[in-house]
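Breakdown of the fold
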Amino acid sequence: MEERVPLLKVENLKQYFPISKKFTVKAVDDVSFEIYPGETYGLVGESGSGKTTIGRSIIRLYDPTAGKIIFDGIDISGKMSAADEKKLRTEMQMIFQDPMACLNPRQKVADIIGQGLDIHHLYTDKADRDAKIARILAKVGLAPEHAERYPHQFSGGQRQRVGIARALIMNPKLIIADECISALDVSIQAQVVNLMRDIQKETGAAYLFIAHDLSMVKYISDRIGVLHLGHLVETGTTEEIFANPVHPYTRSLISAIPHPNPAVERKRTSMHYDYFTSGIDYMAGELRTIEGTHKVLATEEEFEKWTKAEKNYR
Amino acid sequence: MQEKGDFILKVEGLSVSFATTAGKVHALRNVDFAVRRGETVAIVGESGSGKSVTVKTAIGILDTNGKVEAGKALFTFKNDNGEEETIDLLTLTKKQMRQTINGKRIAMVFQDPMTSLNPTMTIGDQIMEGMIWHFNTPKKEAWKRAVELLDMVGITDPEKRMKNYPHQLSGGMRQRVVIAIALSCNPDLLICDEPTTALDVTIQAKILELIKEVQQKLGISVIYITHDLGVVAKVADFVNIMYAGKIVEKGRVDEVYYDPKHPYTWGLLSALPDLETHDERLYTIPGSPPNLLHTIKGDAFAPRNEFALKIDEIEEPPMFWVSDTHCAATWLLDDNAPKVEMPKELRARIDRMLKEAK
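Within chain B, residue pLDDT values average 88, and 97% of them lie at 70 or more. Confidence estimates for the predicted assembly give a pTM of 0.83 and an ipTM of 0.76.

This is the structure:
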């Protein structure tokens with residue numbers, strides 16, 4: 001497993017937004033992680049924790065303040081050659097949160113999906129283009145006649161499928177899914193998640209799955225990174241994080257998930273965590289390995305305390 | 001669990017339709033439900049199932065194109081002379097509702113705290129507004145009570161916060177303020193319409209715990225509208241599951257979660273991601289909800305139901321009572337129906353939940 005080459009490597013990424021001369025929002029502060037080909041990396045955290053910012057920095061919607069982003073061996077954090085840029089724009093795609101807002105209401109679904117093909121001239125003639133669009137529509141569970149419709153004629157779940165189709169048509173190696181299911185109903189969420197898993201199995205694309213709903217993230221992700229206030233506080237495989245959460249923030253996140261089991265849930269209260277009263281300083285800590293790939297942001301003392309507390313807790 | 005108090009709100013045979021450019025949408029079809037004093041009742045359903053419309057109709061804030069076709073909403077309360085009184089809320093005019101019911105007897109917490117607070121008023125003024133309007137409370141007294149309320153909903157430094165504007169507070173704090181406003185007139189019934197969907201998970205848990213605590217302290221009744229079955233498990237005593245404008249199953253939380261009878265409830269429970277097992281695929285209910293523009297023949301859920309019987313396409317199922325408090329609208333419970341058990345994955349999960357509960 002060790003020799004695997006990461007598809008995406010984010011190294012010490014910092015993304016600051018200067019608001020005024022005196023005040024700068026540090027949306028992402030020193031975050032590093034890796035995504036391997038064909039896996040799903042879940043980024044979780046509350047709103048304002050910087051998870052969307054990371055996604056947007058990776059796809060070059062923002063210019064990083066510091067740090068490196070390496071995609072498929074190419075540094076994509078600074079200036080890039082035209083050829084590299086072109087490669088990046090086909091191989092990395094994004095699925096957005098609100099399926100109504102991210103589809104052009106005046107374009108037919110066929111044109112929305114086909115836009116990438118048009119720009120990169122990826123078809124020989126019109127018949128080829130239509131065939132490609134029809135194939136992708138079938139893959140996401142829509143009928144070929146849907147191509148001639150407009151976004152408003154679809155339900156929320158179907159629109160999200162159009163969003164997925166648009167990302168898939170370029171055969172990307174990495175798909176950044178930014179809260180792509182949060183705007184959908186529960187029963188539709190499950191359909192979209194299943195679809196994303198099927199597509200991954202078929203195409204081998206890697207996902208960066210950004211969400212705040214830990215139960216869905218657990219379901220879809222191979223590895224998870226927990227973000228809080230712009231810092232990556234804990235990362236590891238899904239099993240490691242859920243079986244043995246070490247950081248108090250991760251624990252409070254996990255304890256906040258309501259279980260659909262009334263007899264248990266009625267009595268349970270969630271754990272409370274407040275950064276400002278906890279006395280933890282994220283700037284002082286560094287990522288320390290617990291076991292395997294499981295790492296936590298802590299100072300030496302905190303690390304001792306938390307890992308020991310964990311043993312007592314069990 | 002012991003029976004709690006008398007009925008405070010009883011909705012009977014409520015049917016509501018909306019006039020739209022595309023035609024008449026039958027949003028509610030013969031909805032019955034009741035809330036007892038001191039009880040928490042949840043209404044669960046997908047978007048468009050009519051859960052919000054039900055309570056909006058009951059408290060007279062239905063959109064202008066909506067029309068009540070039939071039904072009653074009987075509300076029992078102590079009037080200003082201290083006598084018990086029962087009135088049909090649907091017979092009151094909008095003005096009467098405003099003056100005697102809304103805010104005073106029945107208060108509502110909406111989904112998004114940013115849109116339900118007035119950005120140009122301090123939160124103190126917004127909490128006091130209702131008290132002054134409904135009870136002519138002297139300003140000093142209202143101020144005192146507002147500070148108490150803020151303290152009760154867990155806002156630190158309440159006196160300082162009174163002068164803050166909504167934009168100075170975080171999302172969770174704003175929702176706490178909205179709850180304080182709702183509680184300011186000592187309502188008998190609090191309606192929470194998806195109170196936590198716009199909030200983060202950690203804050204969601206805090207707000208739910210707060211509402212529960214307040215409810216126990218004040219002994220009021222709460223109606224919860226949500227699509228999250230995890231939330232329901234945490235707060236509710238009684239659940240109503242809605243599908244396509246109808247209540248398809250209702251009962252005590254334990255009955256509905258541990259012994260669900262309606263195939264739609266089976267689907268909803270199965271579709272929840274399970275934290276214990278790592279299944280290959282999530283269960284999904286095939287298809288999508290019916291378009292309520294068309295009249296529905298038979299059981300609205302039949303096209304998505306793998307257990308559907310022939311009769312489902314012909315006749316709408318009545319409510320079959322499983323116990324005194326638990327009933328479901330599915331032909332599967334009819335004496336002549338073949339015996340169909342819930343999917344075995346769900347059975348296994350429920351068994352595991354029961355074991356965990358012990």
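Let's shift gears to the nonpolar core. Leu174 and Leu208 of chain A together with Ile223, Tyr224 and Val232 of chain B are the most contacted members of the largest nonpolar core, which has 169 residues in total. Broken down by element, the residue count for this core peaks at 8 residues, all from helix H7 (residues 171-183) of chain B. Once you skip the residues sitting within four places of it in the chain, Leu174 of chain A turns out to touch Leu7, Leu8, Ile35, Glu91, Met92, Ala205, Ala206 and Leu208 of chain A.

This next bit is on the sheet that holds strand S2 (residues 24-35) of chain A. All names here are of chain A. In spatial order, the strands read S2-S1-S4-S5; together these 4 strands make up an open sheet with antiparallel pairing. Every other strand in the sheet has two partners, leaving S2 and strand S5 (74-75) as the edge strands with one partner each. Sheet topology note: the strand S4 (residues 66-71)/S5 ladder contains 2 bridges and is antiparallel. If you follow Ile70 over to S5, its bridge partner there is Asp75. Of the strands in this sheet, strand S1 (8-18), S2 and S4 touch helix H1 (residues 51-58), which is tilted by about 110° from S1.

Turning our eyes to something else, we now look at the interface of chain A and chain B. For interface size, the figure often reported is the accessible area lost on association. Residue-level contacts link 33 residues of chain A with 34 residues of chain B. Those elements that place two or more of their residues in the side of chain A that touches chain B are helix H6 (186-203), helix H7 (214-220), helix H9 (248-255) and helix H10 (262-265) of chain A. Tallying contributions element by element places H6 of chain A first for the side of chain A that touches chain B, with 6 residues. Each residue belonging to the side of chain A that touches chain B can be placed in one class, and the counts come to 14 nonpolar, 13 polar and 6 charged.

Before going further, it helps to spend a moment on the sheet that holds strand S9 (residues 238-243) of chain B. Residue and element names in this part refer to chain B. On the basis of which strands lie adjacent, the open sheet formed by 8 strands has the order S6-S7-S8-S3-S9-S10-S12-S11 and mixed pairing. The open sheet has two edge strands, strand S6 (106-109) and strand S11 (320-321), and neither has a second partner. Here S6 pairs with strand S7 (residues 189-193) via 4 bridges, running parallel. Opposite Val109, over in S7, you have Cys192 as the bridge partner. In the packing of H7 onto the sheet, contacts are made with S6 and S7, and the angle to S6 comes to roughly 175°.

Definitions and cut-offs
- Residues numbered from 1 in each chain as written.
- Chains lettered and ligands numbered in written order.
- Predicted model: local features only at pLDDT ≥ 70, side-chain atom pairs only at ≥ 80, totals over all residues.
- pLDDT = per-residue confidence, 0-100.
- Core = buried A, V, L, I, M, F, W, Y, C linked by C-beta atoms within 7 Å.
- Buried ≥ 20, exposed ≤ 12 C-beta atoms within 10 Å, placed from the backbone.
- Helix = DSSP H or I, 4+ residues; strand = E, 2+ residues; numbered from the N terminus.
- Contact = placed C-beta atoms within 7 Å.
- Pairing = 2+ DSSP bridges.
- Axes fitted to C-alpha atoms, helices over the stretch in contact; angles between N-to-C directions.
- Nonpolar A, V, L, I, M, F, W, Y, C, P; charged D, E, K, R; others polar.

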